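A look at the structure
Each chain is listed here by its residues.
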Amino acid sequence: MNCLVCGANAETIETTVEVVSLVCPRCGEYDASRSVIAAGQWRQLEPKQRRDILDKAKCSAPLGALPSIRPYLLARY
Ligand SMILES: [Zn+2]
């Protein structure tokens, strides 16, 4: 599927009921909650805002874990 952040052609690593894991050539590997993908709010964000949210997810990811885009990260937007 396409990268949720930049729209590039990303490889899907894993999908579960709750989470989709992607590898994007530009953004790297990350998880995204399905609730974020399903929410209309994500699509209304500017590309730069999506990028900021991914950066926040990277900062808050535990060592060795994939950054995870979760609904609370969108709360400020
Ligand atoms: Zn990307």
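Heads up: the structure comes first, above all this text.
Criteria and thresholds
- Residues numbered from 1 in each chain as written.
- Predicted model: local features only at pLDDT ≥ 70, side-chain atom pairs only at ≥ 80, totals over all residues.
- Heavy atoms only, no water.
- Donors = N, O, S within 2.8 Å, 3.2 Å for Na, K, Ca; no water.
- Tetrahedral: all angles 85-135°; square planar, octahedral: opposite > 155°, others 65-115°.
- Buried < 20%, exposed > 50% of the residue type's maximum accessible area, 1.4 Å probe, protein only.
- Phe/Tyr/Trp six-rings, centres within 6.5 Å; stacked < 30°, edge-to-face > 60°.
- Lys NZ or Arg CZ within 6 Å of the ring centre and 35° of its normal.
- Helix = DSSP H or I, 4+ residues; strand = E, 2+ residues; numbered from the N terminus.
- Lys, Arg positive; Asp, Glu negative; His and termini not counted.
- Salt bridge = Lys/Arg side-chain N within 4 Å of Asp/Glu carboxyl O.
- Polar contact = N/O pair within 3.5 Å; in protein donor to acceptor, adjacent residues only side chain to side chain.
- Contact = heavy atoms within 4.5 Å.

**Structural notes on the coordination of the zinc ion**
With distances of 2.2 to 2.3 Å, the protein atoms coordinating the zinc ion are Cys3 (SG), Cys6 (SG), Cys24 (SG) and Cys27 (SG). Around the zinc ion, the four donor atoms are arranged such that angles at the metal cover 102 to 112°; this shape is classified as tetrahedral. All donors of the zinc ion come from a single chain, and their spacing in sequence reads C-x2-C-x17-C-x2-C. Its relative accessible area of 5% is what places Cys3 among the buried residues.

**Notes on the packing of aromatic side chains**
All told, the structure shown has zero aromatic pairs when counted by the stated rule. Cation over ring: Arg76 sits above Tyr77, and NZ or CZ is 5.4 Å from the ring centre.

**Observations regarding the side chain of Arg50**
Topologically, Arg50 is positioned in helix H3 (residues 47-60). Although Arg50 lies buried, it forms no salt bridge, and the closest oppositely charged side chain, Glu46, sits 8.3 Å away as judged by the N-O distance. At a separation of 3.2 Å, a polar atom in the side chain of Arg50 contacts the main-chain carbonyl oxygen of Arg43. In this view, Arg50 contacts Leu4, Val5, Trp42, Arg43 and Leu45; residues no more than four positions away in its chain are not counted.

**Overview of the environment of Ser21**
Mapping Ser21 onto the fold places it in strand S2 (residues 19-24). Judged by relative accessible area, which is 7%, Ser21 ranks as buried. Taking the C-alpha atoms as reference, Ser21 lies 6.4 Å from Ala32; in sequence the two are eleven residues apart. Those residues in contact with Ser21 that lie beyond four places of it in its chain are Glu11, Thr12, Ile13, Glu14, Tyr30, Asp31 and Leu66. At a separation of 2.6 Å, a polar atom in the side chain of Ser21 contacts the side chain of Asp31.

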